[in-house]
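Coordinates in review
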Amino acid sequence: MSTVNQKPWILGISGASGQQYAVSLLRHLLFLLDDLVLVISEDAKKIIMDECAHKDLGSDKDGWIHFLVNDSYPGVYSLTQIGERYRGQTKKCRLTLVWNHEMFSSVASGSFRTSGMVVVPASLATLGKLAQGITDNVLLRASEVCLKENRSLILVPRETPLSLSALENLLQLKKAGAQILPAMPAFYHRPQVVEDIVEFISGKICNLMDLNHRALAAWEP
Ligand SMILES: Cc1cc2nc3c(=O)[nH]c(=O)nc-3n(C[C@H](O)[C@H](O)[C@H](O)COP(=O)(O)O)c2cc1C
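Only a predicted model underlies this, so the values are computations on that prediction, with no experimental measurement involved.

If you look at the biggest cluster of nonpolar residues, it comprises 50 residues, and the most contacted ones within it are Ile40 and Val118. If one sorts the elements of this core by residue count, helix α1 (residues 19–32) sits on top with 9 residues. Apart from the residues within four sequence positions on either side, valine 118 is in contact with Trp9, Ile10, Leu11, Gly12, Leu25, Ile154, Val156, Ile205 and Met209.

It is worth spelling out the environment of glutamate 42 at this point. Assignment of secondary structure puts glutamate 42 in helix α2 (residues 42–53). When its relative accessible area of 39% is taken as the criterion, glutamate 42 is described as partly exposed. C-alpha of glutamate 42 to C-alpha of arginine 113: the two residues are 71 residues apart in sequence and 25 Å apart in space.

Taken N-terminus to C-terminus, the directions of helix α5 (residues 124–131) and helix α6 (residues 138–148) make an angle of 50°; their axes are 10 Å apart at the nearest point. The angle between α5 and α6 places the two elements in the oblique class. Crossing hand, α5 versus α6: right-handed. Contacts between α5 and α6 involve Thr126, Lys129 and Leu130 on the former and, on the latter, Leu139, Leu140, Ser143, Glu144 and Leu147. Here the contact of α5 with α6 is composed, by residue class, of 4 nonpolar, 2 polar and 2 charged.

Right, let's talk about unusual backbone geometry for a bit. Between valine 120 and the following residue, proline 121, the backbone shows a cis peptide bond with an omega angle of -15°. Tracing the chain through its elements places proline 121 in strand β4 (residues 116–122). Positive phi, close to 55°, is recorded for asparagine 150, a residue that is not glycine. Of note in this structure, arginine 190 is not a glycine but carries a positive phi near 50°. As for its position among the elements, arginine 190 is in the loop between β6 (179–180) and α8 (194–208). Looking at arginine 190, the relative accessible area reads 68%, which means it is exposed.

The rules behind the values
Residues numbered from 1 in each chain as written. Predicted model: local features only at pLDDT ≥ 70, side-chain atom pairs only at ≥ 80, totals over all residues. Heavy atoms only, no water. Core = buried A, V, L, I, M, F, W, Y, C linked by side-chain atoms within 4.5 Å. Buried < 20%, exposed > 50% of the residue type's maximum accessible area, 1.4 Å probe, protein only. Helix = DSSP H or I, 4+ residues; strand = E, 2+ residues; numbered from the N terminus. Contact = heavy atoms within 4.5 Å. Axes fitted to C-alpha atoms, helices over the stretch in contact; angles between N-to-C directions. Parallel < 35°, antiparallel > 145°, perpendicular 65-115°, else oblique. Left-handed = near helix turned anticlockwise from the far one by under 90°. Nonpolar A, V, L, I, M, F, W, Y, C, P; charged D, E, K, R; others polar.

Below, the structure written as structure tokens:
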């Protein structure tokens, strides 16, 4: 497994519960990647403010990046705590934030070559649109680009129970080439705190990204 990635990855965050999964993964990726583009949907912004921030973050990109990277809240290990696991590795990732309506951004084009994309958490609304080829925002368009260009697309739904349409959409997306990684934490690593449960999913995602990570899922299988 490699820790160096020449081409950027895209991290899409849509409006489902479990925004801690996205923040935890983001903090690990800052130590693992050279280049990361973050796309956040409008409903994800609202749910992040409700579940994590407990305040209005507005729409200032620097403020959002500072919050997602640096602030501490229950459910996600801090950047310092995660950084201690990557002793000897310099944090070097270039992080770019794109709002979901910015359709003229580079990630909306297949010409912008990437290693792939993770959507976490992936709402059923986003999955349903993607399964039908509806790409009317940046997150959906970038996901569709991954499918059409045969690039890695890792989708992390967070919903339970699942309706027939949700299951059919997931099957359709799997057939189209996406990898489906439901946010289903395990307990064989004996989690002590919520942060451990959340981080298990980050580790599973990093496994699919083929990254030599230090998230819990790799430590104690
Ligand atoms: C507080 C809250 C929690 C939600 N949690 C989920 C969820 O866990 N899974 C899901 O599929 N949708 C969830 N939704 C519904 C989506 O946010 C909604 O379908 C939205 O249109 C998704 O838009 P997006 O995919 O563009 O972000 C939630 C909505 C709210 C307000």
